[in-house]
Amino acid sequence: MTRRRSSVHFRSRRFNASGPLERILILAVLALAIGVTIGLLLPEVSSDTARAVGRYTATGSAADTLAALTVDDNQNSAGYDRNAFGFRETDTDGNGCDVREDVLARDLTDITYKTSGSCVVQSGTLADPYTGKTINFTRGRTTSSAVQIDHVVALENAWQSGARDWDSARRREFGNDPYNLLAVDGPANQDKGSASAAYWLPTNSGYRCAYVARQIGVKDKYGLSVTSAEKDAMLAVLHSCPGQAVPED
C-alpha cells in the first residue's frame with residue numbers, strides 16, 4: 001500500500017491593511033510624509049514661518065547693507081517716465097559711444113568692432129548671467145535684441161523707491177551708471193520688466209546671490225528704499241550664500 005506523502009505549502013503572508021497594526025503603520029507613514037511636505041512648503045507661503053525657522057537670516061556685507069536700507073511699503077509709480085533717466089544719452093568717458101556700447105564691450109568676449117578704431121561692437125559672445133546660456137551676439141536689425149542692457153535696479157523701481165524726488169542730473173546719472181547695468185539675454189530682460197527681487201529672480205540660481213547683492217549695492221549707493229516683501233526676498237536669497245559681499249564699482 002502506497003502511503004501518500006502530505007505536502008506542505010508555505011505561503012507568504014500578504015500585507016493586510018485591515019489589521020490594526022497595519023493601519024497604524026499606514027497612518028504613521030502618511031503623517032510623516034505630510035509633516036515633511038509642510039516643513040518644506042510652509043516657509044514658501046508664510047513669511048512668519050520662514051522668519052521663525054531662520055530663512056531670513058544672512059551674513060556678509062550685502063546683508064548688513066540691506067539692513068540699513070529704508071523700508072517703505074507705500075511706494076507707487078505715479079508720474080514715472082523712462083525718458084526722465086536719459087538712458088543712452090550720455091557719454092561720460094568721452095569715447096564717442098553711449099553706455100550700451102561700453103557695457104557690451106565690458107561684458108562680452110571675442111569682440112569685433114564695426115570698423116577699425118570704432119567703439120561700436122559688431123559681434124561677441126555673452127555668458128549670460130541671468131539664464132546661464134552662451135549667446136553669440138551679432139549686430140543687426142533683427143539680431144541686436146538678443147542681448148539687451150538691463151538696469152539691475154529697474155528704472156521704474158528706482159522711481160517709486162526714491163528717484164521721483166531727484167533732479168534731472170541725478171536721474172541721468174542713475175540711468176547711465178555702469179554699476180547698475182548688465183548685458184543679458186534679451187527675453188530674460190523682457191520677462192523681468194520693472195520687477196523687484198520680490199517678484200523676479202534670474203532662472204540661473206547660481207547667479208541669484210550676486211544679482212541681489214548688486215541690487216542692494218545700487219540701492220545703497222543712491223539712497224533708495226525697499227519694500228518689506230523685497231527685503232524678505234533678498235534675505236531669503238542671501239541666506240543661501242553666507243558672507244555674500246556687496247560688489248565693488
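For the structure itself, look to the data block above.
Sequence positions are assigned chain by chain, starting from 1 and proceeding in written order. Per-residue local features are limited, in this predicted model, to residues with pLDDT of at least 70; the limit for side-chain atom pairs, both in listing and counting, is 80 or more; totals at the level of whole chains, interfaces and linings are taken over all residues. Derived side-chain values reflect all non-hydrogen atoms in the structure, with water molecules and hydrogen atoms excluded from consideration.

Enquirer: Pulling in residues and values, what's your account of the overall build of the protein chain?
Expert: Comment: elements are numbered from the N terminus, with helices defined as DSSP H or I runs of at least four residues and strands as E runs of at least two. Looking only at helices and strands, one finds nine helices and five strands in the protein chain. Ordered by position from the N terminus, the helices and strands of the protein chain form the series α-α-α-α-β-β-β-β-α-α-β-α-α-α. When each of the 249 residues of the protein chain is scored for burial, the buried share is 40%. Long-range contacts, defined as pairs at least 24 residues apart, comprise 67% of the intrachain contacts of the protein chain with a sequence gap of at least 6. For the protein chain, the exposed area adds up to about 14,500 Å²; of that, 52% sits on carbon and sulfur atoms. Only protein chains enter the area calculation, which uses a 1.4 Å probe; residues under 20% of their type maximum are buried, those over 50% are exposed, and those in between are partly exposed. Note on contacts: a residue pair is in contact if any heavy atoms of the two residues lie within 4.5 Å. Note on areas: Shrake-Rupley with a 1.4 Å probe; residue coverage comes only from the protein chains shown.

Enquirer: How would you sum up unusual backbone geometry? Please name residues and give values.
Expert: The phi angle at arginine 88 is positive, at roughly 70°, despite the residue not being glycine. Summarising the element assignment, arginine 88 is placed in the loop between α3 (61-68) and α4 (99-107).

Enquirer: Before we move on, could you go through the packing of aromatic side chains and cite the residues and values that matter?
Expert: Two rings from Phe, Tyr or Trp (for Trp, the six-membered ring) form a pair when their centres sit within 6.5 Å of each other. Planes less than 30 degrees apart are called stacked, planes more than 60 degrees apart edge-to-face, and all others tilted. Counted according to the given criterion, the structure contains 10 aromatic pairs. A centroid spacing of 6.0 Å and a plane angle of 55° characterise the contact between phenylalanine 85 and phenylalanine 174, whose relative ring orientation is tilted. You can see phenylalanine 85 sitting in the loop between α3 and α4 and its partner phenylalanine 174 sitting in helix α6 (residues 168-175), a full 89 residues away along the chain. Residue phenylalanine 85 is classed as buried on the basis of its relative accessible area, which comes to 0%. Judged by centre distance (5.3 Å) and plane angle (65°), the rings of tyrosine 130 and tryptophan 200 are edge-to-face. Here the residue tyrosine 130 occupies a position in the loop between β2 (121-127) and β3 (134-138), and tryptophan 200 occupies one in the loop between α7 (186-192) and α8 (208-222), the gap between them amounting to 70 residues. Judged by relative accessible area, which is 9%, tryptophan 200 ranks as buried. Clustering of aromatic rings is evident, with ring pairs tying together Tyr80, Phe85, Trp159, Trp166, Phe174 and Tyr222. Two limits define a charge over a ring: the Lys NZ or Arg CZ must be within 6 Å of the ring centre, and within 35 degrees of the ring normal. For the cation-ring pair, arginine 170 lies above tryptophan 166, with the distance from its terminal atom to the ring centre recorded as 5.6 Å.

Enquirer: Outline the state of the cysteines, supporting the account with residue identities and numerical values.
Expert: Pairs of cysteine sulfur atoms within 2.5 Å are identified as disulfides in what follows. Scanning all chains against the criterion turns up two disulfides. Put simply, cysteine 97 and cysteine 119 are joined by a disulfide, and their sulfur atoms are 1.8 Å apart. Between cysteine 97 and cysteine 119, the S-S torsion sits near 100°, and that sign places the bridge as right-handed. One end of the pair, cysteine 97, is in the loop between α3 and α4; the other, cysteine 119, is in the loop between β1 (109-113) and β2, and 22 residues separate them in sequence. As far as burial versus exposure is concerned, cysteine 97 and cysteine 119 are alike and both buried. Here cysteine 209 is linked by a disulfide to cysteine 241, with a sulfur-sulfur distance of 2.1 Å. On the sign convention where negative is left-handed, the bridge of cysteine 209 and cysteine 241, at about -105° about the S-S bond, is left-handed.

Enquirer: Tell me about the packing of α3 against helix α9 (residues 228-238), residues and numbers included.
Expert: One way to put it is that α3 packs onto α9 with a least axis distance of 10 Å and a crossing angle of 165°. Taken together, the axes of α3 and α9 lie roughly antiparallel to each other. Helix-helix and strand crossings are classified by hand; for α3 and α9 the assignment is left-handed. Facing α3, whose interface residues are Ala62, Ala63, Leu66 and Ala67, α9 presents Lys231, Met234, Leu235 and Leu238. Gly is put with the polar residues, along with every residue not named as nonpolar or charged; the nonpolar set is Ala, Val, Leu, Ile, Met, Phe, Trp, Tyr, Cys and Pro, and the charged set is Asp, Glu, Lys and Arg. Looking at the contact of α3 with α9, its residues break down into seven nonpolar, no polar and one charged. Only the stretch in contact is used when fitting a helix axis, every axis being a line fitted to C-alpha atoms; angles between N-to-C directions are given from 0 to 180 degrees. Roughly parallel covers angles under 35 degrees, roughly antiparallel covers those over 145, roughly perpendicular covers 65 to 115, and oblique covers all other angles. Crossings are classed by handedness, with left-handed meaning an anticlockwise turn of the near helix from the far one by less than a right angle and right-handed meaning a clockwise turn.

Enquirer: Please provide a residue-by-residue account of the pairing of strand β4 (residues 147-151), values included.
Expert: Of all five residues that make up β4, five are buried, and the element is covered over most of its length. Side-chain alternation along β4 places Val147, Ile149 and His151 on one buried face and Gln148 and Asp150 on a second face that is also buried. When β4 meets strand β5 (residues 181-185), the two strands line up antiparallel, connected through five bridges. Paired with histidine 151 across the two strands is leucine 181, which belongs to β5. We call two strands paired when DSSP finds no fewer than two bridges between them.

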